[in-house]
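Remarks on the overall topology
Read off the chains here:
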Amino acid sequence: MIDTQDASPTSPSPSPASAPGRRLPTLRSQLSLWVGGLSLAVLTLVGGYLGKLATDELFTAQQAAVRATAQAAAELLATQLRDRERQIELLSVAPHLVNGRLDSQEVRDSLDRRQALHDEFAWLGVVAPDGTVLQATGGMLTGRSVAQRDWFIAARERVFVGDVHEAKLLATMLPALPNGEPTRFIDFAAPIRDSDGRLLGVVGAHAHWRWVTGLVDGVVRRQLPGSGIDALILDRQGRLLYPEALKAAQASGAAVLPKPENGRFDGELVFDGKPYLASEATLQLRTNAELGWRIVARQPMEQAMRPVSALRRELVLLGVLAATALALTALLLARRFSRPVEQLARIAARVETERRVPDFPEQPGVRELDGLSRAMQSMARSLLQTEKDLQAANATLETQVQQRTAELQAANAKLEHLATRDPLTGLHNRRSLDARLAEAQALDRRYGRQNGRVHGLLLVDVDHFKRINDSFGHPTGDAVLRQLAELLQSCVRVTDVAARFGGEEFAVLLPELAGPLEAVMAAEKIRTAVEAATFPQVGKITVSVGVSLASPDDLELAPLIARSDAALYVAKRGGRNAVVLKEAGAA
Ligand SMILES: Nc1nc2c(ncn2[C@@H]2O[C@H](COP(=O)(O)OP(=O)(O)OP(=O)(O)O)[C@@H](O)[C@H]2O)c(=O)[nH]1
């Protein structure tokens, strides 16, 4: 499936990912951080919110439970008190009391039976209108006067339920309480009247206070066992009636009860330095509203908040577990998504170092990653192909440039040759000779005085050349000129410049001559060489040479040429095949 083309390995350039000084965070760490962080934030917010809702709900429920306890105790107590009140009221209208004798045995027996049925009654008795006890359970207080007792005074007029009080006369007659606390009663009493409404007497009953507190405690115990809730009974003035221990503490001056702002015991209150969740309910007696007792149920805050604290602990534990699970999930997710990307990055880096397209793995899990992998593979292939094409194009271009440069150089050389050479003989042309002469003149001016050397100029002219042309034709004349040029070239030094001066006339520039003799010798060498040579068809020819040396007085080329020309003229006039020197300044 994958193209693994060979390519020449080249030294890899550092990839951007490995460039020093650029430590960017990895995709994996960023994904972990973001997913983990966001999950934790959401978890904290949602958990916190739900936790608050739940704890508020629990707290409210706990408060409702305390309130329900107080109300249940108050309702039960009210029912029980009302029941006892009704019993005494019914007793007061019983026929054997209204119609019979109040001090009869029958009355005594009925009182004893009632006490046996209701052991909460410590004492039941019938009292004459003057306050003398006529009959009583167990015969207690019979014949004694209770004329000063509140219950007796009130019951002469109406049915009465009295507040708790300590036993007075009966205290010594009744067995003492096991915990040593004083015997206390609450009183029920009702008037006994005949059919005309005349007062025949009063029936009264003392119920044990323990019975009252037992009722309240029973409700509390049944309501929420083990919840730590207890109940307090307060009288109308807010004095503590129960429990005994608190009552004793209050009696000794301790501030055992809080003072709520609105006067009601409701909500979080501090009892004797300890926080409680409290609620109160007032006793509602339908026939006698004078009691005005209040039942206060209270639960230590620590116990009230125990379910809340437990819920909070569970929430925190759950939160930690969920956060751990989320962090692990985030890490796994980050690995799942970052691994293919890291793998692709490694493979892409190999393209650069190995200069070939490696195997790009398929990414079947994620469509976008699979697309990316395919696109990278295709891109790598295309890049490497483009690179190869470019290299080939570069090579071709280089060859073409070299070829064009060589052609250009050849053309330039040709141009140079054409510009400086005589087409017939290949020697320097007149223009080139002039340039060399100018150079030689400049060098002489610069160094001539120091080294005493000067340049000279030979003008070489074929003798009677017209005759050659005329006798053998112009092409033969050209051939003579070409051979002569070669001969000339072979006679002079490399540093000398042989040129065609014009027609059948040649010139030789001799640089750095020690003196005229040297120039004459060079001229003579040429002349004798020509004289010795044989020219095809033509046979023997001769040349005449005019010699002259440059003078410091020469400001231009013309004087030197003119002197050589003059010397040549002399050589011609003298009979030709000769060398004539013309010194500067000579006439
Ligand atoms: N074949 C050929 N002839 C040339 C060329 N240039 C000049 N000539 C001839 O050279 C001859 C020069 O003749 P002249 O100037 O009379 O000199 P000469 O005949 O050499 O006589 P002297 O110089 O006095 O010895 C002429 O006939 C020209 O036509 C050339 O390039 N080729």
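Nothing here was measured: the structure is a model prediction, and the numbers come from that model. (Residues numbered from 1 in each chain as written. Predicted model: local features only at pLDDT ≥ 70, side-chain atom pairs only at ≥ 80, totals over all residues.)

**Some thoughts on the UniProt feature "transmembrane region" (unreviewed entry) in the chain**
This chain's UniProt record puts "transmembrane region" (unreviewed entry) on residues 31–50 and 315–334. Between the first and last C-alpha atoms of residues 31–50 the distance is 28 Å; the span itself is 100% helix and 0% strand. Between the C-alpha atoms that bound residues 315–334 the distance is 27 Å, and the span itself is 100% helix and 0% strand. (UniProt positions renumbered as here; feature names shortened; annotations may be inferred. Helix = DSSP H or I, 4+ residues; strand = E, 2+ residues; numbered from the N terminus.)

**A closer look at the site of the ligand**
Among the 15 residues in the neighbourhood of the ligand, the closest are listed as Phe465, Lys466, His474, Gly477 and Gly503. Elements with a minimum of two residues in the shell around the ligand: β12 (454–462), α11 (465–472) and α12 (474–491). Counting residues per element, the shell around the ligand draws most heavily on α12, which supplies four residues. Counted by class, the shell around the ligand contains three nonpolar, five polar and seven charged residues. (Near = placed C-beta within 6 Å. Nonpolar A, V, L, I, M, F, W, Y, C, P; charged D, E, K, R; others polar.)

**Some details on the sheet that holds strand β11 (residues 294–300)**
As summarised here, the arrangement of the five strands in space is β8-β7-β11-β10-β9, forming an open sheet in which the pairing is antiparallel. The strands lining the two open edges of the sheet, one partner per strand, are β8 (240–242) and β9 (267–271). Strand after strand, the sheet turns through a mean of 45° between neighbouring axes, direction not considered. Of the strands in this sheet, β7 (230–234), β10 (274–282) and β11 touch helix α1 (residues 27–92), which is tilted by about 40° from β10. Relative to β7, helix α5 (residues 209–223) is tilted by about 145°, and along the sheet it contacts β7, β8 and β11. (Pairing = 2+ DSSP bridges. Axes fitted to C-alpha atoms, helices over the stretch in contact; angles between N-to-C directions. Contact = placed C-beta atoms within 7 Å.)

**Regarding the sheet that holds β12**
Across a sheet, paired strands are connected by hydrogen bonds in the backbone, their directions being either parallel or antiparallel. Read from one edge of the open sheet, five strands run β13-β14-β12-β15-β16, paired in mixed fashion. The open sheet has two free edges, formed respectively by β13 (497–502) and β16 (579–582), since each of these has just one partner strand. Averaged over all pairs of adjacent strands, the angle between strand axes in this sheet comes to 25°, irrespective of strand direction. Judged from the seven bridges that link them, β12 and strand β14 (residues 505–513) form a sheet pairing that is antiparallel. When the sheet's bridge partners are listed, Leu457 is paired in β14 with Leu509.

**A few points about unusual backbone geometry**
The general pattern is negative phi for most residues beyond glycine and trans for most peptide bonds. Residue Pro243 is reached from Tyr242 by a cis peptide bond, and omega for that bond is 0°. Here Pro243 shows up in the loop between β8 and α6 (244–251). Backbone geometry places Leu141, a non-glycine residue, at a positive phi of 70°. Residue placement: Leu141 occurs in the loop between β2 (133–136) and α4 (150–155). A positive phi is found at Asp272, a non-glycine position, where the angle reads about 50°.

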